Protein chains: 2
Amino acid sequence: MVTLAEVAQHAGVSASTVSYVLSGKRSISAGTRQRVERSIQELGYHPNAGARALASSRSNIIALMIPLRTDMYVPVMMEIAIAVATNARIHGYDVLLLTGEEGPDAVRRVTGSGLADAMILMDVELDDERLPLLRETDQPSVLIGLPADTSGLTCVDLDFGATGALCAEHLAILGHRDIAVIGEAPAVYERHTGFAERTLDGLRSRSRELGLRVLHRPCEGGYDAMAVTLARILDERPGTTGFVVQNESAVEPLLALLRQQGRAVPEDVSVIAICPDQVATQASVRLTSVAIPAQEMGRYAVEHLIAKLEGRGKDEVVLIAPELTVRASTGPAPTA
Amino acid sequence: MVTLAEVAQHAGVSASTVSYVLSGKRSISAGTRQRVERSIQELGYHPNAGARALASSRSNIIALMIPLRTDMYVPVMMEIAIAVATNARIHGYDVLLLTGEEGPDAVRRVTGSGLADAMILMDVELDDERLPLLRETDQPSVLIGLPADTSGLTCVDLDFGATGALCAEHLAILGHRDIAVIGEAPAVYERHTGFAERTLDGLRSRSRELGLRVLHRPCEGGYDAMAVTLARILDERPGTTGFVVQNESAVEPLLALLRQQGRAVPEDVSVIAICPDQVATQASVRLTSVAIPAQEMGRYAVEHLIAKLEGRGKDEVVLIAPELTVRASTGPAPTA
DNA sequence: ATAGGTTGTCGAAGCGCTTCGACAACTAAA
DNA sequence: TTTAGTTGTCGAAGCGCTTCGACAACCTAT
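Residues numbered from 1 in each chain as written. Chains lettered and ligands numbered in written order. Predicted model: local features only at pLDDT ≥ 70, side-chain atom pairs only at ≥ 80, totals over all residues. Heavy atoms only, no water.

Concerning the protein's contact with DNA strand C
Around DNA strand C, the structure places 27 residues, and the nearest of them are T17 and T32 of chain A together with L4, R26 and Y45 of chain B. Per the 4 Å cut-off to the protein, sugar and phosphate atoms form 55% of the nearby atoms of DNA strand C. Separating a base oxygen of DNA strand C from a side-chain N or O atom of R26 of chain A is a distance of 2.8 Å. Here S27 of chain A contributes a side-chain N or O atom positioned 2.7 Å from a phosphate oxygen of DNA strand C. For the surface near DNA strand C, the elements supplying multiple residues, two or more each, are α2 (15-23) and α4 (49-56) of chain A together with α2 (15-23) and α4 (49-56) of chain B. At 5 residues, the largest contribution of residues to the surface near DNA strand C is made by α4 of chain B. By residue class, the composition of the surface near DNA strand C is 12 nonpolar, 11 polar and 4 charged. (Near = heavy atom within 4 Å. Polar contact = N/O pair within 3.5 Å; in protein donor to acceptor, adjacent residues only side chain to side chain. Helix = DSSP H or I, 4+ residues; strand = E, 2+ residues; numbered from the N terminus. Nonpolar A, V, L, I, M, F, W, Y, C, P; charged D, E, K, R; others polar.)

Here is the structure:
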């Protein structure tokens, strides 16, 4: 393994000079710089990460905590993870992947050991156990998701309240009067992951203003659960013509069931999904949807973290405005 | 930040003693051990990762390279990533997430800098650019996937050849005679990711033995692409009654299209998917499928890596035997 | 010509840990 | 009782880097 000292010797300069060439923290004459850079090339030098971290107390690593469960919005998480990794590299950082499994201990471990300079947390619960630790430490962090108390924290998320409102508006304009919300699995609500509630609140309050009647039913994904849920909804409100689906894995089953019952989409009923665009465009009907901006959230999280690491950047909550894309699954309400 | 030296002082022993308590590399009297452990607790000590890596030239980090594209088997990759992270933690390792973006440079960077002790590569192409580097370095690695030349490498993968054969057998036993394979997107074949070809080869050769006629068509995911593909297949071989689907995102569209054309599943046509169990059970029809054992591959990769790091473990290729689970999407061929 | 500033380079200290050799204090065999 | 081994602890060196202060060499304005 090639060391700084070897590069220095090869280039005929001192070790510190090589270090300054690498970091740019002091000015170096053009000649020296070139000689050093050539030596680095020729010897195939790569700075040792451990030594660098020890000496500078900066690891150039960002920790990303992703939930262990794979029961929920998997593609979204994957997209966020990839966006985080890609953007981190752009700024010279690597990404350490932590699963939620360890919970608060993982936060302690990372901050305590200097493994990472900063962290991004996903799947934040309303009253998340990890938050007190984050507030105590001076290590920068960004949450993807919104806890109940955001004081002293930086958060990014889709504005799910506005998302719900947007769905209500779209259906109202099309003339629908009775709508149903197919929510996430009950476990998601029990866990108090805020986004589901926020969507519902936004949708309900806007619906009230617009005179829509709303029925909300949580739903495990899958065909069988969806069948039960749909039957109950239509039993209770036979006149339901609009559906808002938050649980990705309920979308296809719902479409299949509606078809099976002879309810045409979008002629008889309209369906809006809250999901990544990729899911919306690959479904069996091209779905009118509100996109979950995974890339954007990942990028924002990284950039804000970098800003904090550089001393810029303050705590703030950023809610990304939702965008509804009309595709083939929504249309005017049937005239009764 | 608490250091080893502070713990040592607090416990009234030398720094090296604390280190040995931590590592267990020398015997320590019960009394001393307890005193040290109490001090560690009381002070909330966490060893500094950089210092440790520098002194021991072991980072206790495993690098995981995942493909950048999200066009393919996303849930599988996510499951593997989580399995890797979870199992790595069990052995005291953390996981560094690299995207395929940097290609071979990422390999050089990681091995050169001592950032990670070992690496796991996913999405391996038949003639992958990264392989020569892996053969040169003495850093252990495991591939998830199978390149053309496996000499000097360790690989895990589902036995896709046997998977193809298994699908053929299942359909043959049910009396089907004309079957179609809905393959991955053309890009996947162009990229020479071996698994698609291997599936096809296994399926074709077993079909020949069993007297099945096989039509293979690559297919982008999504409804529209599937519609075109299906139309062509039925045009060319109207008597097709069995489908094997390798592209996850073609499954639902296929089911929707078949339904729409009045072809009942499984009465008129049978469908086998090659996909994670979760996808198979959540589809609009509970799918007969060959599972992609993501968890198992992730676990195996980590365990083999650990074995190599500990000096045990040699290069080998492990092909996991496929398992076909019969669900509701396959049945006897209709009697003509 | 001189004082005051820049610029470019170097040497040395030190980051927090692991690990080697040394050695005192025992124990077991001769 | 002596010798040889075992066990538990310590001190010191060193891992490869960053960074601080020092300083020679050169400007630029007086």
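Focus on the sheet that holds strand β10 (residues 288-290) of chain A
Residues and elements named next belong to chain A. If you trace the 6 strands from one edge of the open sheet to the other, you get β7-β6-β8-β9-β10-β12, paired in mixed fashion. At either margin of the open sheet sits one strand with a lone partner, and together these are β7 (213-217) and β12 (324-325). Bridging between β10 and β12 involves 2 bridges; their strand directions are antiparallel. When the bridges of β12 are listed, V290 appears paired with L324. Of the strands in this sheet, β6 (178-182), β8 (242-245) and β9 (270-274) are in contact with helix α12 (residues 248-260), which crosses β8 at around 160°. (Pairing = 2+ DSSP bridges. Contact = heavy atoms within 4.5 Å. Axes fitted to C-alpha atoms, helices over the stretch in contact; angles between N-to-C directions.)

Some points on the packing of aromatic side chains
Residues and elements named next belong to chain B. Under the defined criterion, the tally for this structure stands at 2 aromatic pairs over all chains. Both rings, one in F160 and one in F195, keep their centres 5.2 Å apart while their planes meet at 50°; by these two values the pair is tilted. With F160 in helix α8 (residues 160-173) and F195 in helix α10 (residues 194-210), this residue pair connects regions lying 35 residues apart in the sequence. (Phe/Tyr/Trp six-rings, centres within 6.5 Å; stacked < 30°, edge-to-face > 60°.)

A closer look at the interface of chain B and chain A
Bring the parts together and some accessible area is lost; that lost area is often taken as the interface size. Residue-level contacts link 53 residues of chain B with 53 residues of chain A. Summed over both partners, the interface of chain B with chain A comes to about 4300 Å²; 65% of that surface belongs to carbon and sulfur atoms. Taken together, chain B and chain A are joined by 4 salt bridges. Here E102 of chain A makes a salt bridge to R89 of chain B, at a shortest N to O gap of 3.5 Å. Along the contact surface separating chain B from chain A lie 10 residue pairs in polar contact (both at pLDDT 80 or more). Of all the secondary-structure elements, those providing two or more residues to the side of chain B that touches chain A are α4, β1 (61-66), α5 (74-90), β2 (94-99), α6 (104-113), α11 (223-236), α12 (248-260) and α13 (277-282) of chain B. Broken down by element, the residue count for the side of chain B that touches chain A peaks at 9 residues, all from α5 of chain B. Strand direction decides the pairing type here: strand β2 (residues 94-99) of chain A and β2 of chain B, joined by 3 bridges, are antiparallel. Paired with L97 of chain A across the two strands is V95 of chain B, which belongs to β2 of chain B. (Buried area = accessible area lost by both parts, 1.4 Å probe. Salt bridge = Lys/Arg side-chain N within 4 Å of Asp/Glu carboxyl O.)

In short, geometric facts, not functional conclusions.
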